[in-house]
Amino acid sequence: MNFTLKPLALAVNLVILGSSAITLPALANNAQGAIKDIEVITISNQRHNSLEDNQSFAQGKTTEADLANWLASVPGANINSNGPVTGIAQYRGLFGDRVATTLDGHPIIGAGPNAMDTPLSYSTPLIVDSMTVYRGIAPVSAGMSTIGGAIDISMRKAEVMNSENLHVSGDLQAGYRSNNSASTLSGVTNIATGDVAVLLYGNTQAGDSMESGDGTVIEPTDFDKTQAGFDVRHATENNTVGLSYHYTKTTDSGTPALPMDIEYIESSRINLDGDFQLGQWQGEWSVGYLDADHGMTNFLMRAHDPMKKRRNTALADTTDFKFVLNREFSFGELSFGVDGYLATHDSVITNPTNEMFEVVNFNNVQDDRFGFFTEWQNQYGQTTVQFGVRVKHAISNADEVSGNMAMNMDSGMGGMDSGMGGMDSGMGGMDSGMGGMDSGMGGMDSGMGGMDSDMGGMNSGMMPSMASLLGDLEDDFNKADRKVSDTNVDIALSTQTQLSETLSLYVGVGMKNRAPSYQERYLWTPMESTGGLADGHTYIGDIDLESETAYQADLGLTWQSSDFMIAPHIFYQSIDNYIQGTPLDMDDSSAKMMASMMANDDNPLKFSNVDAKLYGADVNWYYNLTDNFQLSGIASYVRGERRDIDDNLYRIAPLNGQISVSYHNENVISNLTLVAVAAQDDVSATNTEKATSGYGLVNIDIEYFVTADFTLRGGVDNLLDREYQNHLGGYNRVKEVGTPVMDRLPSEGLSAWVEATYSF
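Residues numbered from 1 in each chain as written. Predicted model: local features only at pLDDT ≥ 70, side-chain atom pairs only at ≥ 80, totals over all residues. Heavy atoms only, no water.

Caption draft 1: Layout of the overall build of the protein chain. Within the protein chain one finds four helices and 35 strands. Looking at the protein chain residue by residue over its 760 residues, the buried ones come to 59%. Restricting the contact set of the protein chain to residue pairs at least 6 apart, pairs at least 24 apart contribute 70%. With the model as given, the accessible surface of the protein chain reaches about 27,500 Å², and the carbon-plus-sulfur share is 54%. (Helix = DSSP H or I, 4+ residues; strand = E, 2+ residues; numbered from the N terminus. Buried < 20%, exposed > 50% of the residue type's maximum accessible area, 1.4 Å probe, protein only. Contact = heavy atoms within 4.5 Å. Areas by Shrake-Rupley, 256 points an atom, 1.4 Å probe, with all protein chains shown as cover.)

Spelled out as structure tokens, the structure:
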């Protein structure tokens, strides 16, 4: 069965190693899933082919360390950036766990409780074959939790040549970026003989801290990342079996929007997959395992108080599986599938100069999710209908936690009570967030009981000690019933109607659910282990959170002729039990006092169920001015609001758009791109979010096909060296740098870049 994209689907051709057009059916054949998807945008990695069609292509640079940056040219998509290698995908205002992000269909569950190792960080540009973004209502087969859409990264696989001769091919690539002296070096080779092939690859990327338009050094934004792996594949006429291994190591990489930086991320991922034909049924299956070890500190890459050093060591193990059967019937195409993953998480916070200090942040947290789905698709006249249902079950549990914040005693500390007086106040640097606590706690004696007469004679009974507060929170958590489960049903219905030769209509509706994340449930003491929210507040979780339920609608039109295409979409979704932080009440007085005393956070938050809505519009278009010149662009707008109170949702991308003028001939592709971003003052009061101003940027790039095997690319980003703040870029959390603490982080200034690719 040949799976082809419907006419409304748009191919966005990624110019990364060389650009060429690729036909829509060819793109679809590489897509995941049994039933063809009505609305997708595919960014495809194309190498050294001649340019036949240049329809509104996106661009990705290997000199950029973060694969998430590829999303910048997709309508409705954006990136929450907490550092140079920590981009979190945002789609139509939702981000993080709400956007299902998979690599070859495998869910990627990172080790970091603050999302330093995001799913997109587990790949590298050279080995990416394509990135698929599901526009509109994502099909239920696209992932376990598609409430915020779905993104799938298809990796390059070993190519079987079905020839007895030995075939060796590959690519070598090098790149450099001027602003931060970033360099990249990559290599991939495919070795094939008979019905067996092996793909080997390696990549290294490193860079210094960036500078903004006015010369401010954005510290620390250094990074150092190495990835390597292989894919072995055996293919016959009726089935394929493959084994792949991927290794990632990131060291000394800054995350200035978070309380800690990356000391190391070391992970190994192994996948086994295949497809087969059984009578009239086609099948796909896969199993995967990911082992991730993550260390982060507040003292190796940023200024710190020697008495307040913190290190967080986090571990995660994930086993995933998927099995899909599909077949064509007289009433349409039908697909059945089961999938799921079993994940465990641990996180322990220590002080390397104080062996007594230890906080078990997450202890053997279990996050297991299982799903069964079915999808049906058929065509009635000029209308194609796709309908899917997913039943999913989530099981969560956690072992008991503990905390000891005591400080080593010495003779100068006299009779200080070890439970409190020795605690140094530097919980602020930890990734788990114990925030920005300054030395004001340093002189406080044990149990608050020794507070001097300036406090008006306050006795120890009026203010509990830090140790007793921590003990209360620990006891409450350990005595609670921590095992919970959620059963939810997702429904997605999409229709596409060809109204005329040039005009088609897309209508999609859906009901999607998301069970709470482990941070939202099991964060037991006020910290910033929030999956990368980066709002500067400490949080506590709630074991009894309800699942989010979204009611979604999407309406789109596509007008496409030989020279002109435009595809606007409008969307709306109402979300019941939306999970976000809300102010603590009197029932959480221990956590509130602890956050204030330890982290100077007078507005700690608790993950809670609220009601929300998101709505907006996005569009992409192109116009072929001549055979060689093209005008293209995208624009995206989303608004997120609370329905229960008068407030906005946090970290919503402002109105933004791009317009590109492109020239191409047989050997050259060049682009002049204007980027415009509006001010964002619809901000969250609950999260004390700060507004940002609008800005405009000018980018240029050119690609030259020197030969069929050798390509050069280069360009300049932020050509006018504009000083600006990206609303999704977070706040500075680093002391003694050019940007004051909790001011908006500036963005990269002018940066020239160059890439060279040789294929053999």
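Having seen the model, we can carry on.
Caption draft 2: Inspection of the nonpolar core at higher detail. Of all hydrophobic cores here, the largest spans 50 residues; its most connected members are Leu-67, Leu-71, Leu-120, Tyr-122, Met-131, Ile-151 and Ile-153. In contact with Leu-71, other than residues within four places in its own chain, are Ala-77, Asn-78, Ile-79, Ala-89, Leu-120, Met-131, Val-133 and Ile-151. Judged by nonpolar contacts, the second largest core, of 37 residues, contains Ala-115, Phe-357, Leu-584 and Ala-591. (Core = buried A, V, L, I, M, F, W, Y, C linked by side-chain atoms within 4.5 Å.)

Caption draft 3: A look at the confidence of the model for the protein chain. The predicted model of the protein chain averages 87 in pLDDT, with 85% of residues at 70 or higher. Scored below 50 in pLDDT, residues 46-57 makes 55 contacts in the model with residues more than four places away or belonging to other chains. In this model residues 408-460 is a low-confidence stretch, pLDDT under 50, and it forms 126 contacts with partners more than four residues away in sequence or in other chains. (pLDDT = per-residue confidence, 0-100.)

Caption draft 4: Looking closely at the environment of Tyr-724. Tracing the sequence through the fold places Tyr-724 in the loop between β34 (710-717) and β35 (751-759). Sequence separation between Tyr-724 and Ser-693 is 31 residues, and the spatial gap between their C-alpha atoms is 8.0 Å. Leave out the neighbours within four places in its chain, and Tyr-724 touches Tyr-695, Leu-697, Asn-718, Pro-746, Ser-747 and Glu-748.

Caption draft 5: Structural view of the side chain of Asp-618. Following the sequence through the fold, Asp-618 ends up in strand β29 (residues 605-624). Side chain to side chain, Asp-618 and Arg-92 meet in a polar contact 2.9 Å long. The residues touching Asp-618, leaving out its near neighbours within four places in the chain, are Pro-75, Gly-76, Arg-92, Arg-135, Ala-567, Pro-568, His-569, Phe-571, Ala-635 and Ser-636. (Polar contact = N/O pair within 3.5 Å; in protein donor to acceptor, adjacent residues only side chain to side chain.)

Caption draft 6: Broad picture of the packing of helix α2 (residues 466-479) against helix α4 (residues 589-599). At a minimum axis distance of 9 Å, the contact between α2 and α4 shows a crossing angle of 140 degrees. The pairing of α2 with α4 is recorded here as oblique in orientation. Crossing hand, α2 versus α4: left-handed. When α2 is examined against α4, the residues Met-466, Leu-469, Leu-470, Asp-472 and Leu-473 are found in contact with a partner set consisting of Ser-590, Ala-591, Met-593, Met-594, Met-597 and Met-598. Tallied by class, the residues present in the contact of α2 with α4 amount to nine nonpolar, one polar and one charged. (Axes fitted to C-alpha atoms, helices over the stretch in contact; angles between N-to-C directions. Parallel < 35°, antiparallel > 145°, perpendicular 65-115°, else oblique. Left-handed = near helix turned anticlockwise from the far one by under 90°. Nonpolar A, V, L, I, M, F, W, Y, C, P; charged D, E, K, R; others polar.)

Caption draft 7: Region of interest: the pattern of salt bridges. Under the counting rule described, the total for this entry stands at 29 salt bridges. The residue Arg-643 makes a salt bridge to Asp-576 at a minimum N-O spacing of 3.1 Å. You can see Arg-643 sitting in the loop between β30 (629-642) and β31 (656-664) and its partner Asp-576 sitting in strand β28 (residues 564-583), a full 67 residues away along the chain. By relative accessible area, which is 25% here, Asp-576 ends up partly exposed. Residues Arg-744 and Glu-689 are paired through a salt bridge, measuring 4.0 Å at the closest nitrogen-oxygen approach. Highlighted residues: Arg-744 in the loop between β34 and β35 and Glu-689 in the loop between β32 (668-677) and β33 (695-705), separated in sequence by 55 residues. (Salt bridge = Lys/Arg side-chain N within 4 Å of Asp/Glu carboxyl O.)

Caption draft 8: View of a nonpolar patch on the surface. On the surface, Tyr-623, Leu-625, Phe-629, Ile-659, Val-661, Leu-672, Leu-674, Ile-700, Leu-719, Leu-720 and Leu-750 cluster together to form a nonpolar patch covering roughly 910 Å² of accessible area. Those elements giving two or more residues to the nonpolar patch turn out to be β31 and β32. On the accessibility criterion, Leu-750 (35% relative accessible area) is partly exposed. (Patch = residues over 30% accessible without salt bridge, like charges linked within 9 Å, V, L, I, M, F, W, Y side chains within 5 Å.)

Caption draft 9: Spotlight on the packing of aromatic side chains. Summed over the entire model, instances satisfying the criterion amount to 13 aromatic pairs. Look at Phe-362 and Tyr-518: their rings are 5.0 Å apart centre to centre, the planes differ by 75 degrees, and that puts the pair in the edge-to-face class. Of this pair, Phe-362 sits in strand β21 (residues 354-380) while Tyr-518 sits in helix α3 (residues 518-522); the two residues are 156 residues apart in sequence, bridging distant segments of the chain. Grouping residues by exposure puts Phe-362 and Tyr-518 together as buried. Look at Trp-376 and Tyr-380: their rings are 6.3 Å apart centre to centre, the planes differ by 55 degrees, and that puts the pair in the tilted class. On the basis of relative accessibility, which here comes to 21%, the residue Trp-376 falls in the partly exposed class. A relative accessible area of 47% places Tyr-380 in the partly exposed class. Of the aromatic side chains, those joined through ring pairs into one cluster are Trp-281, Phe-329, Phe-331 and Phe-336. The ring centre of Phe-299 lies 5.3 Å from the NZ or CZ of Lys-309, which sits over that ring. (Phe/Tyr/Trp six-rings, centres within 6.5 Å; stacked < 30°, edge-to-face > 60°. Lys NZ or Arg CZ within 6 Å of the ring centre and 35° of its normal.)

Caption draft 10: Broad picture of the sheet that holds strand β5 (residues 94-95). Judged by pairing direction, the sheet is antiparallel, and its three strands sit side by side in the order β3-β4-β5 without closing on themselves. Every interior strand has two partners, whereas the edge strands, β3 (77-81) and β5, have only one. In this structure, strand β4 (residues 87-91) lies alongside β5, joined through two bridges in antiparallel fashion. Along β5, the bridge assignment pairs Gln-90 with Phe-95. (Pairing = 2+ DSSP bridges.)

Caption draft 11: Up close: the environment of Gly-105. Relative to the elements of secondary structure, Gly-105 occurs in the loop between β6 (100-103) and β7 (106-107). With relative accessibility at 16%, the residue Gly-105 sits in the buried group. In sequence terms Gly-105 and Ile-151 are 46 residues apart; their C-alpha atoms lie 9.5 Å from each other.

Caption draft 12: Fine view of unusual backbone geometry. The omega angle of the peptide bond from Glu-219 to Pro-220 is -15 degrees, so this bond is cis rather than trans. If you trace the backbone, Pro-220 turns up in the loop between β14 (217-218) and β15 (223-235). At Asp-721, a position not held by glycine, the phi torsion is positive, near 55 degrees. With respect to the helices and strands, the residue Asp-721 is situated in the loop between β34 and β35. The class for Asp-721 is partly exposed, based on a relative accessible area of 33%. In this model, Glu-736 sits at a positive phi of 60 degrees, which is unusual for a non-glycine residue. Under the relative-accessibility criterion, Glu-736 is labelled exposed at 76%.

Caption draft 13: Structural detail: the pairing of β34. Of all eight residues making up β34, six are buried, and the element is well covered by its neighbours. Judged from the six bridges that link them, β33 and β34 form a sheet pairing that is antiparallel. Looking across to β34, one finds that Asp-701 is bridged to Gly-715. Following β33, the chain reverses through four residues before pairing antiparallel with β34.

Caption draft 14: Molecular detail of α2. The end-to-end C-alpha separation of α2 is 20 Å, in line with the 20 Å expected for 14 residues at 1.5 Å each. In this fold, the buried residues of α2 make contact with β23 (403-404), α3 and α4. (Expected span 1.5 Å × (residues − 1).)

Caption draft 15: Looking closely at the pairing of β31. Pairing of β30 with β31 involves eight bridges; the strand directions are antiparallel. Counterpart to Ala-635 in the pairing with β31 is Gly-657. In terms of strand pairing, β31 meets β32 through nine bridges, oriented antiparallel. Note that in β32 the partner of Gln-658 across the bridge is Val-675. The hairpin formed by β31 and β32 contains three residues between the paired strands.

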